[in-house]
Amino acid sequence: DGGITQSPKYLFRKEGQNVTLSCEQNLNHDAMYWYRQDPGQGLRLIYYSQIVNDFQKGDIAEGYSVSREKKESFPLTVTSAQKNPTAFYLCASRPLTQETQYFGPGTRLLVL
Amino acid sequence: QKEVEQNSGPLSVPEGAIASLNCTYSDRGSQSFFWYRQYSGKSPELIMFIYSNGDKEDGRFTAQLNKASQYVSLLIRDSQPSDSATYLCAVNGGILGNEKLTFGTGTRLTIIP
């Protein structure tokens, strides 16, 4: 069963805490992306990676970090430096031969 | 800063009518254009993409592209209540930025039975 999985579905963060969102794909896609979506707004790019062990900042990378140690996995860490982390986080992937991005189900992050 | 503009709506259309969704973009170098549908609380799913000027049809959906006017639209014929969703327009970065997409804020569409 191929696809993109994100976990957890809901995540609660306490003040000053770092949390990590998981994104895994078994589609053999090369490129992976992290977006943030706030209510009534479009998707804003946080980080993306086109190859293992390499990644680039998007438009709103401050307060976030990523790693790409395996082709299948692209975890996102929301650090304590991100002062307004409450949002819907979406992971996407695509093969390098296509421009269409395919999305996982998303993780909703809430602050306690 | 590359921009993609959409009317946020809500756009209300009677069931069975044609829904017309519009999107303008600022980067003349953009070459690929995408329409995604997003149901409330869910992730976006691709409806159509278009690369060439003109129309592209897929079932009840037609994408229209006019690069000279920097305008892309999505027409939904015979609108159904299940078409009620937010529609996101996305544009690639052109030759020097085609690894990224820039998304509009979306148009919320409501089909009235």
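Residues numbered from 1 in each chain as written. Chains lettered and ligands numbered in written order. Predicted model: local features only at pLDDT ≥ 70, side-chain atom pairs only at ≥ 80, totals over all residues. Heavy atoms only, no water.

Remarks on the overall build of chain A
Okay, step 1: Scanning chain A from terminus to terminus reveals zero helices and 11 strands.
Okay, step 2: For chain A, the N- to C-terminal ordering of α and β elements is β-β-β-β-β-β-β-β-β-β-β.
Okay, step 3: Over its C-alpha atoms chain A spans a radius of gyration of 13 Å, differing by no more than 12% from the 13 Å that the globule rule assigns to 112 residues.
Okay, step 4: With respect to the principal axes defined by its C-alpha atoms, chain A has extents near 40 × 25 × 25 Å.
Okay, step 5: Here chain A, with 112 residues, has 49% of them falling under the buried criterion.
Okay, step 6: Pairs at least 24 apart in sequence give 52% of the contacts found in chain A among residues at least 6 apart.
Okay, step 7: Summing over all exposed atoms, chain A offers an accessible surface of approximately 5,500 Å²; the carbon and sulfur share of this is 48%. (Helix = DSSP H or I, 4+ residues; strand = E, 2+ residues; numbered from the N terminus. Rg over C-alpha atoms; globule rule 2.2 N^0.38 Å. Buried < 20%, exposed > 50% of the residue type's maximum accessible area, 1.4 Å probe, protein only. Contact = heavy atoms within 4.5 Å. Areas by Shrake-Rupley, 256 points an atom, 1.4 Å probe, with all protein chains shown as cover.)

Notes on the interface of chain A and chain B
Accessible area lost on assembly of the parts is the figure often given for the size of an interface.
Okay, step 1: Taken together, the 20 residues of chain A in the interface contact 19 residues of chain B.
Okay, step 2: Of the roughly 1,600 Å² buried between chain A and chain B on both sides combined, carbon and sulfur atoms contribute 51%.
Okay, step 3: Between chain A and chain B we count zero salt bridges in total.
Okay, step 4: Counting every contact that joins chain A to chain B gives seven residue pairs in polar contact (both at pLDDT 80 or more).
Okay, step 5: Elements that contribute at least two residues to the side of chain A that touches chain B include exactly strand E4 (31-37), strand E5 (43-51) and strand E9 (87-94) of chain A.
Okay, step 6: Tallying contributions element by element places E5(A) first for the side of chain A that touches chain B, with four residues.
Okay, step 7: The residue makeup of the side of chain A that touches chain B, split by class, is nine nonpolar, eight polar and three charged. (Buried area = accessible area lost by both parts, 1.4 Å probe. Salt bridge = Lys/Arg side-chain N within 4 Å of Asp/Glu carboxyl O. Polar contact = N/O pair within 3.5 Å; in protein donor to acceptor, adjacent residues only side chain to side chain. Nonpolar A, V, L, I, M, F, W, Y, C, P; charged D, E, K, R; others polar.)

What about the nonpolar core?
Okay, step 1: The biggest cluster of nonpolar side chains holds 23 residues, and the ones touching the most others in it are Trp35(B), Val72(B), Leu74(B), Ile76(B) and Tyr87(B).
Okay, step 2: Broken down by secondary-structure element, the contributors of at least two residues to this core are strand E3 (19-25), strand E4 (33-38), strand E5 (45-50), strand E7 (61-66), strand E8 (71-76), strand E9 (85-92) and strand E11 (107-112) of chain B.
Okay, step 3: Sequence-distant contacts of Tyr87(B), that is, excluding residues within four places in its chain, are made with Gln6(B), Leu21(B), Trp35(B), Tyr36(B), Arg37(B), Ile47(B), Leu74(B), Ile76(B), Gly106(B), Thr107(B) and Leu109(B).
Okay, step 4: Ranked by size, the runner-up nonpolar core spans 20 residues in total, among them Cys23(A), Met32(A), Ala87(A) and Leu109(A). (Core = buried A, V, L, I, M, F, W, Y, C linked by side-chain atoms within 4.5 Å.)

Points about the sheet that holds strand E7 (residues 64-66) of chain A
Residue and element names in this part refer to chain A.
Okay, step 1: Strand order in this open sheet of four strands is E1-E3-E8-E7, and the pairing throughout is antiparallel. Every other strand in the sheet has two partners, leaving strand E1 (4-7) and E7 as the edge strands with one partner each. Taken over all neighbouring pairs, the strand axes of this sheet differ in orientation by 20 degrees on average, direction set aside. (Pairing = 2+ DSSP bridges. Axes fitted to C-alpha atoms, helices over the stretch in contact; angles between N-to-C directions.)

A short note on the confidence of the model for chain A
Okay, step 1: Residues with a pLDDT of 70 or more make up 98% of chain A, whose mean pLDDT is 94.
Okay, step 2: Here strand E2 (residues 10-13) of chain A stands out as the least confident element of chain A, with mean pLDDT 93; E7(A) is the most confident, with 98. (pLDDT = per-residue confidence, 0-100.)

Considering the pairing of E7(B)
Consecutive side chains along a regular strand alternate between the two faces of the sheet.
Residues and elements named next belong to chain B.
Okay, step 1: Here strand E6 (residues 54-58) pairs with E7 via five bridges, running antiparallel. Within the sheet, the bridge partner assigned to Lys56 lies in E7 and is Ala63.
Okay, step 2: As consecutive antiparallel partners, E6 and E7 are separated by two residues, and within that stretch Gly59 has a phi angle of approximately 65 degrees, a positive value.
Okay, step 3: Counting the residues that bridge the hairpin from E7 to E8 gives four residues, and of these Gln70 lies at a positive phi of roughly 55 degrees.

A word on the state of the cysteines
Okay, step 1: With the rule as written, the count across this model stands at two disulfides over all chains.
Okay, step 2: The disulfide partner of Cys23(A) is Cys91(A), and the gap between their sulfur atoms is 1.9 Å. The sign of the S-S torsion, about -70 degrees, decides the handedness of the disulfide formed by Cys23(A) and Cys91(A): left-handed. Here Cys23(A), found in strand E3 (residues 19-25), pairs with Cys91(A), found in strand E9; they are 68 residues apart in sequence, far enough to count as distant.
Okay, step 3: A sulfur-sulfur distance of 2.1 Å marks the disulfide that ties Cys23(B) to Cys89(B). Here Cys23(B) and Cys89(B) share a disulfide; its torsion about the S-S bond, -75 degrees, makes the bridge left-handed. Taken together, the positions of Cys23(B) in strand E3 and Cys89(B) in strand E9 put the pair 66 residues apart, joining distant regions of the chain. (Disulfide = S-S within 2.5 Å.)

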